[in-house]
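Chains, contacts and geometry: an overview
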Amino acid sequence: MKHAATPRRSGFGLMGLVVLLAVMAILAGTVGPLLFREYVAARETETRVHLERLDEALVGFYRDVGRLPDEAEGLAVLVTDPGLGGWRGPYLDGGRDAAATVVALDAWNRPLVYDLAPLLDTGQAAALIASGGGDHRLGAGTVGGLWTTAGTAPGTPGHDDLLMLVDLGSAALGLEAVTRERLEAISAAAQEHFRLQGAFPVALADLHGAWLPPSFGADALVDGWGVPFSYTVDALARPPVATVGSRGADGLPGTADDQQLGISSAAAGRRTTSQELASAQSRLDAQPSLDLEGVWDLDRANLGLDGILAADGWGTPYAIRVSTRTVVSAGPDGNFMTAADNLPPGVVPDAP
Ligand SMILES: [Ca+2]
Ligand SMILES: [Ca+2]
Ligand SMILES: [Ca+2]
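1. Focus: the overall build of the protein chain
In terms of helices and strands, the protein chain carries 4 helices and 10 strands. Once the C-alpha set of the protein chain is aligned to its principal axes, its extents read approximately 150 × 50 × 25 Å. Looking at the 352 residues of the protein chain, the share that counts as buried comes to 37%. Long-range contacts, defined as pairs at least 24 residues apart, comprise 52% of the intrachain contacts of the protein chain with a sequence gap of at least 6. By element, 60% of the accessible surface of the protein chain is carried by carbon and sulfur atoms, the whole surface being about 19,200 Å².

2. Concerning the coordination of the calcium ion (ligand 2)
Only Arg247 (O), Asp250 (OD), Leu252 (O), Thr255 (OG1), Asp257 (OD) and Asp258 (OD) from the protein reach the calcium ion (ligand 2) as donors, at distances of 2.2 to 2.4 Å. Around the calcium ion (ligand 2), the 6 donor atoms sit at angles spanning 81 to 174 degrees, and that spread fits a shape best called octahedral. In primary-sequence terms, the residues that donate to the calcium ion (ligand 2) follow R-x2-D-x1-L-x2-T-x1-D-D. Among the residues examined, Leu252 registers a relative accessible area of 48% and is labelled partly exposed.

3. Examining the domain arrangement of the protein chain
The assigned domain composition of the protein chain is domain 1 (24-167), domain 2 (171-264) and domain 3 (269-341). In this structure, domain 1 and domain 3 have C-alpha centres spaced 72 Å apart.

4. Here's the deal with the sheet that holds strand β8 (residues 259-264)
Taken together, the 3 strands give an open sheet; going across it, the order is β6-β7-β8, and neighbouring strands pair in antiparallel fashion. Only two strands of the sheet have a single neighbouring strand rather than two, namely β6 (230-234) and β8. Across the sheet, the mean angle separating the axes of adjacent strands is 15 degrees when strand polarity is ignored. Here strand β7 (residues 241-246) pairs with β8 via 6 bridges, running antiparallel. Bridge pairing in β8 links Ala242 to Ile263. Running over the sheet, helix α2 (residues 169-197) touches β7 and β8 and is turned about 15 degrees from β8.

5. Overview of the coordination of the calcium ion (ligand 1)
When four donors bind a metal tetrahedrally, each ideal donor-metal-donor angle is 109.5 degrees, and when six bind octahedrally, the ideal angles are 90 or 180 degrees. On the protein side, the calcium ion (ligand 1) has Gly132 (O), Asp135 (OD), Asp135 (OD), Arg137 (O), Pro157 (O), Asp160 (OD) and Asp161 (OD) as donor atoms, found 2.1 to 3.1 Å from it. As a motif over one chain, the donors of the calcium ion (ligand 1) read G-x2-D-x1-R-x19-P-x2-D-D. A residue pair is termed long-range when its members are at least 10 positions apart, and Gly132 in the loop between β3 (127-131) and β4 (146-147) and Pro157 in the loop between β4 and β5 (162-166) qualify at 25 residues. Gly132 gets classed as buried once you look at its relative accessible area, which sits at 12%.

6. Quick look at the layout of surface pockets
Taken as a whole, the largest pocket spans an internal volume of roughly 260 Å³. Class assignment for the residues of the lining of the largest pocket results in 6 nonpolar, 5 polar and 6 charged. The two domains that each donate at least three residues to the lining of the largest pocket are domain 1 (24-167) and domain 2 (171-264).

7. Observations regarding the sheet that holds β5
In spatial order, the strands read β1-β3-β5; together these 3 strands make up an open sheet with antiparallel pairing. A single partner strand is all that each edge strand has here, and the edge strands are β1 (113-116) and β5. Each strand of the sheet is rotated relative to its neighbour by a mean of 15 degrees, with strand direction disregarded. Bridging between β1 and β3 involves 4 bridges; their strand directions are antiparallel. Each residue of the ladder has a partner; that of Tyr114, found in β3, is Ile129. Most of the contacts of helix α1 (residues 14-65) go to β5, to which it runs at about 15 degrees, and overall it touches β1, β3 and β5.

What counts as what
- Residues numbered from 1 in each chain as written.
- Chains lettered and ligands numbered in written order.
- Predicted model: local features only at pLDDT ≥ 70, side-chain atom pairs only at ≥ 80, totals over all residues.
- Heavy atoms only, no water.
- Helix = DSSP H or I, 4+ residues; strand = E, 2+ residues; numbered from the N terminus.
- Buried < 20%, exposed > 50% of the residue type's maximum accessible area, 1.4 Å probe, protein only.
- Contact = heavy atoms within 4.5 Å.
- Areas by Shrake-Rupley, 256 points an atom, 1.4 Å probe, with all protein chains shown as cover.
- Donors = N, O, S within 2.8 Å, 3.2 Å for Na, K, Ca; no water.
- Tetrahedral: all angles 85-135°; square planar, octahedral: opposite > 155°, others 65-115°.
- Domains from an automatic or database assignment.
- Pairing = 2+ DSSP bridges.
- Axes fitted to C-alpha atoms, helices over the stretch in contact; angles between N-to-C directions.
- 1 Å grid on protein atoms, 1.4 Å probe; cavity = no way out; pocket = protein on both sides within 12 Å on 5 of 7 lines; lining within 4 Å.
- Points joined across faces, edges and corners; volume = space filled by probe spheres on them.
- Nonpolar A, V, L, I, M, F, W, Y, C, P; charged D, E, K, R; others polar.

Put into structure tokens, the structure is as follows:
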């Protein structure tokens, strides 16, 4: 019986093994750190690129939705429709970055930190996104705490952190401009409403359709940040005024970024009043023998103007100056005694 063949000896003797181990040790000492640095640099670059893409995506989200995601929503809403009005994402198109599972991770697959309206040691930002970097530890700051943007001392967790400060810049200005434009369109429509109806609309929604331009969508009665405009009317003021306003970017009333537009009825009322006065006066001039009572309600009935021309374009009843047979409006201030703004100018009714 043949005995089993002894295993074939490798030609690689003990010396060979020693030499190989020595070479590997040298390589590990020199190439290893090089490779590691390369690896870290690549992850850092990858993270920076992702942060830049997130920055752009946040600005896009802001343009559409009118605000940045809050911290509870986080970065996931950039790729997953949260059911918000105006959302037209995903805001990261394609690639690994755009997957819902990794959108909020850095290149080391660690969660990015997102802080809305961060507290910074220098400058300002609308939001901040942070990665702990290669050491996986975030030392530059915390959500709601103070952020050190210039990096921290070597050896501390913050030294290799990667931060992205999100600046809305022109996007924010764009929303202010949209708001201003809508306010002005509403003002023009409300004045036209006043001119033809003798009063401001009760609610802004009443301006929809006939009064506002067709391009003014049903969703445009809100400011650039999606908040409905405030609207008040003081119908007893002379001339009556309306005010339409936005709370601005911060959504809070009474702060510096508010936009308010007073809508005056002065011009609209003047046009109406001038037209009415002209027609009333021509009716009066056509009946020179008609005896005047000096009481507009009676005289306009006698003139056949009953039911119309009760009040001028600012809501004040007309009067009549019997001595000169002139129909008079008190003007925008509603006061006959201040004659300068009366129509005709300077004319006051006879003293009672
Ligand atoms: Ca770190
Ligand atoms: Ca405000
Ligand atoms: Ca007056």
